[in-house]
Amino acid sequence: MEIPGDLKFAPSHEWVRVEEDGSVTVGISDHAQEQLGDLVFVETPEVDRVCEAEEGIAVVESVKAASDIYAPVAGTIIDANVELAENPELVNSDPYGEGWLFKMQPDQVDDVDNLMDPDDYEAFIDSSE
Amino acid sequence: MSKQTPLYKAHQDHAAKLVDFAGYSLPLHYGSQIGEHLAVRESAGMFDVSHMTIIDLQGEVVPWLRYLLTNDVAKLTDGHALYSCMCNEKGGVIDDLIVYRLTADRFRLIVNAATREKDLAWLNLHKPADVDIRQVENTALIAVQGPDAVRLANMAFTRLGQDADLKHMGRHTALEIGKWFVGRTGYTGEDGVEIAVPAAQAVDLWKALVQQGIQPAGLGARDTLRLEAGLSLYGQDLDEEHTPAESGVAFTIDIVDPDRNFIAREVLEEHKLFGGRCRQLGIVLDGRGVLRHGQVVELVGQPIGIVTSGTFSPTRGVSIALVRVNKAFKGGCDVRIRDRLLAAHVTSVPFVPHGQARE
């Protein structure tokens, strides 16, 4: 299982990457996609939506189950991955790349620091299994 | 702690994601549920269904089963199988099962795993003195399914030195080869065989089937395949609160012989002829989303029933469901998914036409 070093992770298995312009890109971890199985439907949030941290703003559905995706920090949605409407399996095949879900502008970019770093996330997964 | 089937180690070696199912540790998938599903539709896949219960009956079985089951075993000749329900006195379904007639006084039932205890209790409660009931244990059951399934399984048999002609078995027939048992039956809507072998030979058979290119497939694909084929699942589509006619399997109620007395005949006959309090329909979701068990079905704002089984259909690329509704309708309806009403419409069942053997 892959856990890239430059990302931060939420306990609900979203990953967060801080971009150079201060925005963040969000997706779900390799572990999460593996647990869900083949995705067949992804509902991404609308651009300009303002959300609180831990607010449910997207849905991923696999053959097995539907799962909420939560905003990892408070902020505003600035982009969503439209490719996923036609190709939800990108989340399975490339969870940290083409399978990204949405981009947001955090109210405070420092909030990202409160999320788990890769080592902590790995320990978190191990402890919850 | 979940029980292990004789194939547990083989699943681990094949990187299966194992889950508890009816008390057994069984593969959910071996990597891709959709890939396994499509392998069965396009060529051949195989499932470890050793959790299912095999019960052998010996003695004066025919008159007893004619009373106990909704379908009529008098139709069976040696080596033939029949799908039936077993109902309580109210006509509610205790279980659905396959009954095989091996010889005139030897029958075999294959029943569900989760219902094993109540099925055995029901059988023993009604058992006449001249019938013996024996649960077959230390046995693996492997279902090989798909257009190439029988041809490839036959090659695996030959490789193992088992002289059998599976290809010329008719649909819904059974064959005993020493301690091996083969039924040309299944639960995917494809051609195929279900093979029962002593536990000690299970891994060798599994490996020989893998060597023929048959894709191991998990419970996930088994569920999407059976639902596409319009086949009911006990505990979801069938239960003790509804008769077979209310659950889409009225065809299992055989009323041809007016003199056959079987459990709950009165209510079952009425429901077969005139319908019950509700009925099963198949629906397709018009837009994106996934229909799932328990979602409420509405018709012009009124709740009329629930989704009993729903999933995403890998073959059709849309979400499909069996629903139990209290009124007949054609055309559109709505389903409440999470907090929204999504449009769906009635379609014919099976959702995907049943397949044939590839020549």
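Residues numbered from 1 in each chain as written. Chains lettered and ligands numbered in written order. Predicted model: local features only at pLDDT ≥ 70, side-chain atom pairs only at ≥ 80, totals over all residues. Heavy atoms only, no water.

> Which residues make up the overall build of chain A, and what values do they have?
Looking only at helices and strands, one finds four helices and nine strands in chain A. Counting from the amino terminus, helix and strand elements in chain A follow one another as β-β-β-α-β-β-β-β-β-α-α-β-α. The C-alpha radius of gyration of chain A comes to 13 Å, within 12% of the 14 Å expected for a compact globule of 129 residues. In terms of its C-alpha atoms, chain A occupies a principal-axis envelope of roughly 35 × 35 × 25 Å. Across chain A, the fraction of contacts at a sequence separation of at least 24, relative to all contacts at a separation of at least 6, is 60%. Across chain A, the centroid of the 5 positively charged side chains sits 1 Å from that of the 33 negatively charged ones. (Helix = DSSP H or I, 4+ residues; strand = E, 2+ residues; numbered from the N terminus. Rg over C-alpha atoms; globule rule 2.2 N^0.38 Å. Contact = heavy atoms within 4.5 Å. Lys, Arg positive; Asp, Glu negative; His and termini not counted. Charge placed at Lys NZ, Arg CZ, Asp CG, Glu CD.)

> Please set out the packing of helix α2 (residues 33-42) of chain B against helix α7 (residues 219-228) of chain B residue by residue, giving values where relevant.
For any two helices packed against each other, the geometry is given by the interaxial angle and the distance between the axes. Residues and elements named next belong to chain B. Viewed as axis vectors pointing N to C, α2 and α7 meet at an angle of 50°, and their least axial separation amounts to 8 Å. One finds that α2 runs oblique with respect to α7. Two packed elements cross with a definite hand, and for α2 against α7 that hand is right-handed. On the side of α2, the interface is formed by Q33, E36, H37, V40 and R41, while α7 contributes G220, A221, T224, L225 and E228. Residue classes in the contact of α2 with α7 are distributed as three nonpolar, four polar and three charged. (Axes fitted to C-alpha atoms, helices over the stretch in contact; angles between N-to-C directions. Parallel < 35°, antiparallel > 145°, perpendicular 65-115°, else oblique. Left-handed = near helix turned anticlockwise from the far one by under 90°. Nonpolar A, V, L, I, M, F, W, Y, C, P; charged D, E, K, R; others polar.)

> Mind laying out the packing of helix α5 (residues 149-159) of chain B against helix α6 (residues 199-211) of chain B, listing which residues take part and the relevant values?
All names here are of chain B. In the contact formed by α5 and α6, the axes pass within 9 Å of each other and the chain directions differ by 125°. As far as their axial angle goes, α6 and α5 are oblique. Judged by the sense of rotation from one axis to the other, the crossing of α5 with α6 is right-handed. Facing A153, A156, F157 and R159 of α5, the residues of α6 in contact are L205, A208, L209 and Q211.

> Residues and numbers for the sheet that holds strand β14 (residues 215-216) of chain B, please.
Strands in a sheet are paired, the pairing made by backbone hydrogen bonds, and the direction either parallel or antiparallel. Residue and element names in this part refer to chain B. Ordered in space as β11-β12-β13-β10-β4-β14, the six strands form an open sheet in which the pairing is mixed. Across the chains shown, the open sheet's two edge strands, defined by having one partner strand only, are β11 (174-177) and β14. In this structure, β11 lies alongside strand β12 (residues 180-183), joined through four bridges in antiparallel fashion. Within β12, the residue paired with A174 across the bridge is G183. Those strands touched by α5 are β10 (139-145), β11, β12 and β13 (192-198), and its axis lies near 30° from that of β13. (Pairing = 2+ DSSP bridges.)

> Account for the pairing of strand β8 (residues 75-80) of chain A, with residues named and values stated.
Residues and elements named next belong to chain A. Where strand β5 (residues 50-51) lies against β8, two bridges are found, and the strand directions are antiparallel. Within β8, the residue paired with C51 across the bridge is G75. Note: β8 against strand β9 (residues 102-106), five bridges, orientation antiparallel. Opposite T76, over in β9, you have Q105 as the bridge partner.

> I'd like a rundown of the interface of chain B and chain A, residues and numbers included.
Taken together, the contacts link 15 residues of chain B with 15 residues of chain A. Across the chain B to chain A interface the summed buried area is about 1,400 Å²; carbon plus sulfur atoms make up 47%. When the buried area of chain B at its contact with chain A is split by residue, R288, R292 and R338 of chain B rank highest and sum to 42% of it. Between E43 of chain A and R340 of chain B there is a salt bridge, with the nearest N and O atoms lying 2.7 Å from each other. Where chain B packs against chain A, one counts 12 residue pairs in polar contact (both at pLDDT 80 or more). Those elements giving two or more residues to the side of chain B that touches chain A turn out to be α2 and β17 (302-313) of chain B. At three residues, the largest contribution of residues to the side of chain B that touches chain A is made by α2 of chain B. Of the residues in the side of chain B that touches chain A, the class split is four nonpolar, six polar and five charged. (Buried area = accessible area lost by both parts, 1.4 Å probe. Salt bridge = Lys/Arg side-chain N within 4 Å of Asp/Glu carboxyl O. Polar contact = N/O pair within 3.5 Å; in protein donor to acceptor, adjacent residues only side chain to side chain.)

> Quick rundown of the sheet that holds strand β1 (residues 3-4) of chain B? Include the residues and the values.
Read from one edge of the open sheet, three strands run β1-β3-β2 (chain B), paired in mixed fashion. Both outer strands of the open sheet, β1 and β2 (17-21) of chain B, are each paired with one neighbouring strand and no more.

> Explain the packing of aromatic side chains to me, and be specific about the residues and the numbers.
For the structure shown, the criterion picks out seven aromatic pairs over all chains. Centroid distance W15 of chain A to Y96 of chain A: 6.0 Å. Interplanar angle 55°. Geometry classified as tilted. Of this pair, W15 of chain A sits in strand β2 (residues 14-18) while Y96 of chain A sits in the loop between α3 (90-93) and β9, and the two are 81 residues apart along the sequence. For W15 of chain A, a relative accessible area of 0% puts it in the buried group. Both rings, one in Y100 of chain B and one in F181 of chain B, keep their centres 4.9 Å apart while their planes meet at 90°; by these two values the pair is edge-to-face. Placement of the pair is Y100 of chain B in strand β7 (residues 93-103) and F181 of chain B in strand β12, with a sequence separation of 81 residues. (Phe/Tyr/Trp six-rings, centres within 6.5 Å; stacked < 30°, edge-to-face > 60°. Buried < 20%, exposed > 50% of the residue type's maximum accessible area, 1.4 Å probe, protein only.)

> Break down the side chain of D148 of chain B for me, with residues and values.
Structurally, the position occupied by D148 of chain B is in the loop between β10 and α5. In contact with D148 of chain B, not counting residues within four places along its chain, are E42, S43, A44 and R358 of chain B.

> Any chance you could break down helix α4 (residues 116-126) of chain B for me, citing the residues and the numbers?
All names here are of chain B. Looking at α4, one finds that the buried residues are R116, D119, L120, W122, L123 and H126. Projection of α4 onto a plane perpendicular to its axis shows the buried side chains occupying an angular sector of 160°, all on one side. Facing away from the buried side of α4 by over 90 degrees, the exposed positions are E117 and L125. (Arc of directions from axis to C-beta.)

> Before we move on, could you go through the pairing of β12 of chain B and cite the residues and values that matter?
The alternating pattern of β12 of chain B places W180 and V182 of chain B and F181 and G183 of chain B on opposite faces, both of which are buried. Between β11 of chain B and β12 of chain B, which follow one another and run antiparallel, lie two residues, and G178 of chain B among them has a positive phi close to 60°.

> Hey, could you go over unusual backbone geometry for me, with residue numbers and the actual values?
Cis peptide bonds are those with omega within 30 degrees of zero, and the linkage from V349 of chain B to P350 of chain B qualifies with 5°. Mapping P350 of chain B onto the fold places it in the segment after β20 (340-347). Residue E54 of chain A is not a glycine yet carries a positive backbone phi of 70°. One can find E54 of chain A in the loop between β5 and β6 (56-62). On the accessibility criterion, E54 of chain A (67% relative accessible area) is exposed.

Worth remembering: the numbers are spatial, not functional.
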